[in-house]
Number of protein chains: 2
Amino acid sequence: MNGAEALIGTLGNAGVDVCFANPGTSEMQLVAAIDQQPGMRAILGLFEGVVTGAADGYGRMADKPAITLLHLGPGLANGVANLHNAKRAGSPIINLVGDHATYHLQYNSPLTSDLEGVARPMSHWVKVSKSERDLAQIGTEAFSAAISYPGQIATVVVPANHAWDEGSAIAEFGAAPAVQTVPSQVISDTAKALSDAAGPIALFLGGRALREGALEHAGRIATKTGARLICETFPARLQRGAGRVPVERLPYFGEQAEEYLKDFKTIVFCGCEPPVSFFAYPGKPSWLSPEGAKLIRLASKEEEAEGALQGLADALGAPAKSALIQEAVRPPAPEGKLDPAKIGAILAAVMPDQAIVVDEAATSSPPIFPATQGAAQHEWMTLTGGSIGMGLPLAAGAAVACPDRKTIALQADGGGMYTCQALWTMARENLDVTVILLNNGSYAILNIELARVGVQNPGPKALSMLDLRNPAIDWVSISHGMGVPAKKATTAEEFDAALAEALAHKGPRLIEAMI
Amino acid sequence: MNGAEALIGTLGNAGVDVCFANPGTSEMQLVAAIDQQPGMRAILGLFEGVVTGAADGYGRMADKPAITLLHLGPGLANGVANLHNAKRAGSPIINLVGDHATYHLQYNSPLTSDLEGVARPMSHWVKVSKSERDLAQIGTEAFSAAISYPGQIATVVVPANHAWDEGSAIAEFGAAPAVQTVPSQVISDTAKALSDAAGPIALFLGGRALREGALEHAGRIATKTGARLICETFPARLQRGAGRVPVERLPYFGEQAEEYLKDFKTIVFCGCEPPVSFFAYPGKPSWLSPEGAKLIRLASKEEEAEGALQGLADALGAPAKSALIQEAVRPPAPEGKLDPAKIGAILAAVMPDQAIVVDEAATSSPPIFPATQGAAQHEWMTLTGGSIGMGLPLAAGAAVACPDRKTIALQADGGGMYTCQALWTMARENLDVTVILLNNGSYAILNIELARVGVQNPGPKALSMLDLRNPAIDWVSISHGMGVPAKKATTAEEFDAALAEALAHKGPRLIEAMI
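Because the structure is predicted, anything quoted here is derived from the model rather than measured.

Undergrad: Explain helix α1 (residues 3-14) of chain B to me, please; I cannot follow it from the model alone.
TA: Working note: α-helix, 3.6 residues per turn, so residues spaced by three or four point in the same direction. Residue and element names in this part refer to chain B. Taking 1.5 Å of rise per residue, 12 residues should cover 16 Å, and α1 covers 17 Å from first to last C-alpha, within 8% of that figure. Counting buried residues along α1, nine of its 12 residues qualify, which places the element largely inside the surrounding structure. Three or more residues of α1 are buried, namely Gly3, Ala4, Ala6, Leu7, Ile8, Gly9, Thr10, Leu11 and Gly12. Among the structural elements, α2 (28-36), β3 (66-71), β4 (93-99), α6 (135-146), β6 (153-159) and α7 (160-164) are those in contact with the buried residues of α1. Between the side-chain oxygen at the start of α1 and the backbone nitrogen of Ala4 there is a gap of 3.1 Å, and the oxygen is on Asn2. Following α1 by one or two positions, Gly15 adopts a phi angle in the positive range, close to 115 degrees.

Undergrad: What is the right way to read the sheet that holds strand β14 (residues 378-382) of chain B from this model?
TA: Two pairing modes exist for strands in a sheet, parallel and antiparallel, and in both the strands are linked by backbone hydrogen bonds. All names here are of chain B. The seven strands lie next to each other as β9-β14-β13-β15-β16-β18-β17, forming an open sheet whose pairing is mixed. In this open sheet, the two edge strands, each paired with only one partner strand, are β9 (238-240) and β17 (486-489). On average, each strand axis in the sheet is inclined to that of its neighbour by 20 degrees, with strand direction left out of account. When β17 meets strand β18 (residues 509-514), the two strands line up parallel, connected through four bridges. Paired with Ala486 across the strands is Leu510, a residue of β18. Those strands touched by helix α3 (residues 48-62) are β13 (355-360) and β14, and its axis lies near 140 degrees from that of β14.

Undergrad: What's the story with the interface of chain B and chain A in this structure? I'm lost.
TA: Taken together, the contact between chain B and chain A spans 95 residues of the former and 95 residues of the latter. The junction of chain B with chain A conceals about 7,800 Å² of combined surface from both sides, 66% of it contributed by carbon and sulfur atoms. Across the contact surface, chain B and chain A share two salt bridges. The tally of links from chain B across to chain A stands at 51 residue pairs in polar contact (both at pLDDT 80 or more). Broken down by element, the residue count for the side of chain B that touches chain A peaks at eight residues, all from helix α4 (residues 72-89) of chain B. A class-by-class count of the residues in the side of chain B that touches chain A yields 54 nonpolar, 32 polar and nine charged.

Undergrad: Looking at this structure, I do not really get unusual backbone geometry. What am I missing?
TA: Among all residues save glycine, negative phi is the norm, and among peptide bonds the norm is trans. Residues Tyr149 of chain B and Pro150 of chain B are joined by a peptide bond in cis, for which omega reads 0 degrees. Relative to the helices and strands, Pro150 of chain B resides in the loop between α6 and β6. Cis geometry is adopted by the peptide bond preceding Pro471 of chain B, which originates at Asn470 of chain B and carries an omega value of 0 degrees. Residue position: Pro471 of chain B is located in the loop between α18 (460-464) and α19 (475-481). With a phi angle near 55 degrees, Asn108 of chain A is a residue other than glycine that sits in the positive phi range. Look at Asn108 of chain A and you get partly exposed, because its relative accessible area is 43%. One non-glycine residue, Asn430 of chain B, adopts positive backbone phi at about 50 degrees. Relative to the elements of secondary structure, Asn430 of chain B occurs in the loop between α16 (422-428) and β16 (433-439).

Undergrad: For this particular structure, what's the right way to read the pairing of β13 of chain B?
TA: Residues and elements named next belong to chain B. Summarising burial for β13: six of the six residues are buried, a large majority. Of the two faces of β13, the one lined by Ala355, Val357 and Asp359 and the one lined by Ile356, Val358 and Glu360 are each fully buried. Of the pairings in the sheet, the one linking β13 to β14 comprises five bridges and is parallel in character. Each bridged residue has a counterpart across the sheet, and for Val358 the counterpart in β14 is Met381.

Undergrad: Hey, could you run me through the confidence of the model for chain A in this one?
TA: Detailed reading of the predicted coordinates is not advisable wherever pLDDT falls low. Residues and elements named next belong to chain A. Averaged over every residue, the pLDDT of chain A is 97; residues scoring 70 or more account for 100%. Within chain A, the element-level pLDDT minimum falls on helix α17 (residues 444-452), averaging 87, and the maximum on helix α14 (residues 391-401), averaging 99. This complex was scored by the predictor with a pTM of 0.98 and an ipTM of 0.97.

Undergrad: What am I meant to see in the pairing of β6 of chain B here?
TA: On a regular strand, one side chain projects to one face of the sheet and the next to the other, so that they alternate. All names here are of chain B. Burial runs high along β6: seven of the seven residues are buried. Burial along β6 is two-sided: Ile153, Thr155, Val157 and Pro159 facing one way and Ala154, Val156 and Val158 facing the other are all buried. Relative to β6, β4 runs parallel, the two being bridged by seven bridges. Bridge pairing in β6 links Leu96 to Val156. Two strands pair when backbone bridges link them, and strand β5 (residues 125-128) and β6 are joined in this way by four bridges, in the parallel orientation. What sits directly across from Trp125, in β6, is Ala154.

Undergrad: Where do I start with the packing of aromatic side chains in this structure?
TA: Each aromatic ring pair is characterised by the separation of its centres together with the angle its planes make. Evaluation of the coordinates by the stated rule reveals 23 aromatic pairs over all chains. Their ring planes at 40 degrees and their centres at 6.0 Å tell us that Tyr107 of chain A and Trp287 of chain B sit as a pair that is tilted. Linking Tyr107 of chain A in the loop between β4 (93-99) and α5 (115-119) with Trp287 of chain B in the loop between β11 (266-270) and β12 (294-299), this pair reaches from one chain into another. Under the relative-accessibility criterion, Trp287 of chain B is labelled partly exposed at 37%.

Undergrad: I would appreciate a short explanation of the environment of Ala500 of chain A in the present structure.
TA: Along the chain, Ala500 of chain A falls in helix α20 (residues 492-504). When its relative accessible area of 39% is taken as the criterion, Ala500 of chain A is described as partly exposed.

Undergrad: Would you mind showing me how to read the relation of the copies chain B and chain A here?
TA: With an axial shift of 0.0 Å and an RMSD of 0.0 Å, the rotation relating chain B to chain A amounts to 180 degrees. As the rotation angle and translation indicate, the two copies are arranged about a two-fold axis. Of the C-alpha atoms belonging to chain B, the one lying closest to the rotation axis is found on Ile478 of chain B, 2.2 Å away. Most of the interface of chain B is mirrored in chain A: 100% of its interface residues are interface residues there too.

Undergrad: Explain the UniProt feature "domain: Thiamine pyrophosphate enzyme TPP-binding" (unreviewed entry) in chain A here, please?
TA: Per the UniProt record, "domain: Thiamine pyrophosphate enzyme TPP-binding" (unreviewed entry) is found at residues 379-512 of chain A. The distance from the first to the last C-alpha atom of residues 379-512 of chain A is 22 Å, and the span holds 43% helix and 19% strand.

Undergrad: Would you mind showing me how to read empty space enclosed by the protein here?
TA: In this approach a probe as big as a water molecule rolls over the atoms, and the regions it shows empty are the leftover space. Applying the stated criterion across every chain, the model contains 10 cavities of 30 Å³ or more. Its boundaries defined by the atoms lining it, the largest cavity holds a volume of some 130 Å³. Here the lining of the largest cavity is built from residues that sort into four nonpolar, four polar and six charged. Split by domain, the lining of the largest cavity shows at least three residues from each of two domains, domain 1 (3-164) and domain 2 (184-315) of chain A. Considering only enclosed or pocket space, the second largest cavity measures out at about 110 Å³ in volume. Contributing to the lining of the second largest cavity are 14 residues, with Ala89, Gly90, Arg208, Arg211 and Ala236 of chain B lying nearest its centre. Residues belonging to the lining of the second largest cavity are distributed by class as follows: four nonpolar, four polar and six charged. Shared between two domains, the lining of the second largest cavity holds at least three residues of each, these being domain 1 (3-164) and domain 2 (184-315) of chain B.

Undergrad: Help me understand the sheet that holds strand β17 (residues 486-489) of chain A, please; the structure alone is not making it clear to me.
TA: Residues and elements named next belong to chain A. If you trace the seven strands from one edge of the open sheet to the other, you get β9-β14-β13-β15-β16-β18-β17, paired in mixed fashion. Strand pairing shows two members of the sheet lacking a second neighbour, β9 (238-240) and β17, which therefore form its edges. Neighbour to neighbour, the strand axes of the sheet diverge by 20 degrees on average, direction disregarded. Sheet topology note: the β9/strand β14 (residues 378-382) ladder contains three bridges and is antiparallel. In the sheet register, Arg240 faces β14, and the bridge partner there is His378. Of the strands in this sheet, β15 (407-412), β16 (433-439), β17 and β18 (509-514) are in contact with α20, which crosses β18 at around 165 degrees.

Undergrad: Looking at this structure, I do not really get the packing of helix α8 (residues 184-196) of chain A against helix α11 (residues 305-315) of chain A. What am I missing?
TA: To describe two helices that pack against each other, one gives the angle between their axes and the distance between the axes. All names here are of chain A. Contact geometry for α8 and α11: axes closest at 9 Å, N-to-C directions at 50 degrees. Relative to α11, the element α8 is oriented oblique. Remark: the crossing between α8 and α11 carries right-handed chirality. Here Ile187, Thr190, Ala191 and Leu194 of α8 lie close against α11, whose contacting residues are Ala308, Gly311, Leu312 and Ala315. Residues belonging to the contact of α8 with α11 are distributed by class as follows: six nonpolar, two polar and no charged.

Conventions and cut-offs
Residues numbered from 1 in each chain as written. Chains lettered and ligands numbered in written order. Predicted model: local features only at pLDDT ≥ 70, side-chain atom pairs only at ≥ 80, totals over all residues. Heavy atoms only, no water. Helix = DSSP H or I, 4+ residues; strand = E, 2+ residues; numbered from the N terminus. Expected span 1.5 Å × (residues − 1). Buried < 20%, exposed > 50% of the residue type's maximum accessible area, 1.4 Å probe, protein only. Contact = heavy atoms within 4.5 Å. Polar contact = N/O pair within 3.5 Å; in protein donor to acceptor, adjacent residues only side chain to side chain. Pairing = 2+ DSSP bridges. Axes fitted to C-alpha atoms, helices over the stretch in contact; angles between N-to-C directions. Buried area = accessible area lost by both parts, 1.4 Å probe. Salt bridge = Lys/Arg side-chain N within 4 Å of Asp/Glu carboxyl O. Nonpolar A, V, L, I, M, F, W, Y, C, P; charged D, E, K, R; others polar. pLDDT = per-residue confidence, 0-100. Phe/Tyr/Trp six-rings, centres within 6.5 Å; stacked < 30°, edge-to-face > 60°. Least-squares fit on C-alpha atoms with pLDDT ≥ 70 in both. UniProt positions renumbered as here; feature names shortened; annotations may be inferred. 1 Å grid on protein atoms, 1.4 Å probe; cavity = no way out; pocket = protein on both sides within 12 Å on 5 of 7 lines; lining within 4 Å. Points joined across faces, edges and corners; volume = space filled by probe spheres on them. Domains from an automatic or database assignment. Parallel < 35°, antiparallel > 145°, perpendicular 65-115°, else oblique. Left-handed = near helix turned anticlockwise from the far one by under 90°.

See below:
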């Protein structure tokens, strides 16, 4: 078999069964190998940012990697921004990037670039094959890197001749890499510190500590110690809703976050590092934890979170069950002109059980998130790396991973335009995604940030850089153009009806919410 | 003044008066400085690939750099693919990329990345400011790098605190960098070789050798020596049409190119290197020049082309005027079902004088290019780096550079979807662009390439990766959604009428040509 067949066969045997792809000439052998691989699904994206964003959404929901198939340095570059988000999310992804045949590189033909240079900034792990024979072995290494807890970005560069040359064979994937657990000493030290702690305590949770099982133990700790449970501002995947242990969420703006945390005397971190300001601002702090507070790292993002929390709960002698449990809350139906708070109330009332919410709602998110706290159980996935344009692709990938659950994309208009091509993939694959496109005709966050960084009296040129109203974007037309049925809603009643219709149907729908 | 004001003021004084932008929080001070800079136009793109592609189009037509304004590593990454094309085109561009404040980087907040690592692969020149005081000086260096013949990609990383800190001042741009001219010995050696040459001679032209003035001297050389004039396959900017010296164009596929060149005994290269195959293919050659032929480099891409050709023509004792002049050809109006050849014939008949044609027509280009050889004088700009998605942005940028000329974008559907957001910028700025969207519902080139790389009997999964018909993309809807009036044409008559209407109006129009 050729190198491409050996690589794809190896990954297939290891359990990879989805490939998000935007291939070109140098990946044709990989396309052919995927074609022949039984059980491997191939999903086309019409831009590489769709491909990598979908792989992120898939990885967050499946907890295993999909393949991406990308075309040389420029094709990979188009996918880098959403790989940045995926890297921050701790998502498992295996990128397969075709390159020119090794003997062709010397000729510097038009698509030649420093491919490893493009790959490195947003990959945890990069390798270039040395021959057709080592591609399969590299596949096992990439798989191992990708599934390293909580998940990593592994990039394999595949020169075209290694893909097409015969003489390769499938390699067996051995044992999965060990998960790094928190030492018992750290757990007992943390328990002692919490037992001795004076004043308000916070248990600050991120990464895998936001899954249901870990949250249950966090709730036990809260029950025993009175600690407040606070979630990082941009969780990769937060499991929430009625019957689960609820968490508060740290506000986005640094000064609000600082105010939020100021009274805590002890903060224990699990699954993340102490929070910092998203951006720096003149005269405002980057570090947000209160001076003089005791900061304790229970588990980093790369250490197993659920076991650490269970160990801590047990060491504290916490009760077997959390007393902190979210009640079901179904807000009354709002009326009149639509706004994000009303969208939150309506969504909370009709949220399907085990829905997957992708939140790239930007300035519209703060009212929607708390409104859905007591909705039916669901996932909440956010923009972990701050690179806008992840929402629609992420929703597509999550829907591929979980075809029996409804995915709901809360998508701001500015970010939505980045990767609007994802709508086409939703239509093509009939993915069960309801897109709530929040159209405020603006990069609204930048209107706030302009003042926060100290710009006084911005003129018309500056303000025009933040404005999406000239011309107004008609998302219903764009959605129709890419094959996704769409409706516009300007009132709460219209939105309620459109959402009910979208949720009642299997397959993609877009609601353009005019806010 | 603060660092941002000093940098923008410095670039403004040097003659930069256009900024293509997609800024974020870390660029707000730069936005404010641009706002205050008299005569500097700020143009928003809703995706960074639009921003950099527009800067490429502007640079090719204006022969001077525009600024791009990009948001940290991920924002730059989104623009990298079109910077790759611009780098290959020899376009002058100055990228200004905001970064976190220097003291904030240690906190590894969500948007932190290896920004220099992202910049380096597609930049000729990269520099990070060390303080607010050196930003202006770096601006002069970036300008100098960008205008180095024929043009370079210069990237300035601007930490946010350097942008907002006070205490900077405008720097003066000194002398422009010297243009590297071809030594007279090379010219006289080349003249001697041509005088002595036996057998067919080709003068192979690329880069700046494809401008009207250089072509006139190439025509003189052809008149004297009988040399055939051949143009590189993907010219950045070819000046052609009735009354100009015509060139042949090397075919795309390697084996056709090899066949095309096989009988030449002497080939003189000016403005480019000897051609190589775009991709490698099993059993096919990468190097396309005939074995045993004498290959002479008159001027590299970085050496001044027009003077070298003039010197060579003079050394050969060529006549003062080229005898080789393109006649006007106005093909008769075709009828019936639309295809690329008919589009070429119709376009040739109605081409406005001094139009700018942007060709990302992919498989539809080969019939259109020769059909327009004898049209009114126009520019022809192609996909120099092979990274699809340059067409619509390039057209937008060219139209900004040349508001009094009609820009015509020949855009294949696959590449068009990459950066369809460029339509919105065309609408917003009322750019005089007619987009001919060639809808064949396919990555058609890959159907050809699949066989050429040796894939036999591809299955349905493989073929689905090349197919854009499920669902069919409705470009008229997408265009309307972004504010550009659009019409669909399925016959030559419909296309003719739609094109006449589009050319008669100032402002953007899209014609979806069903082929």
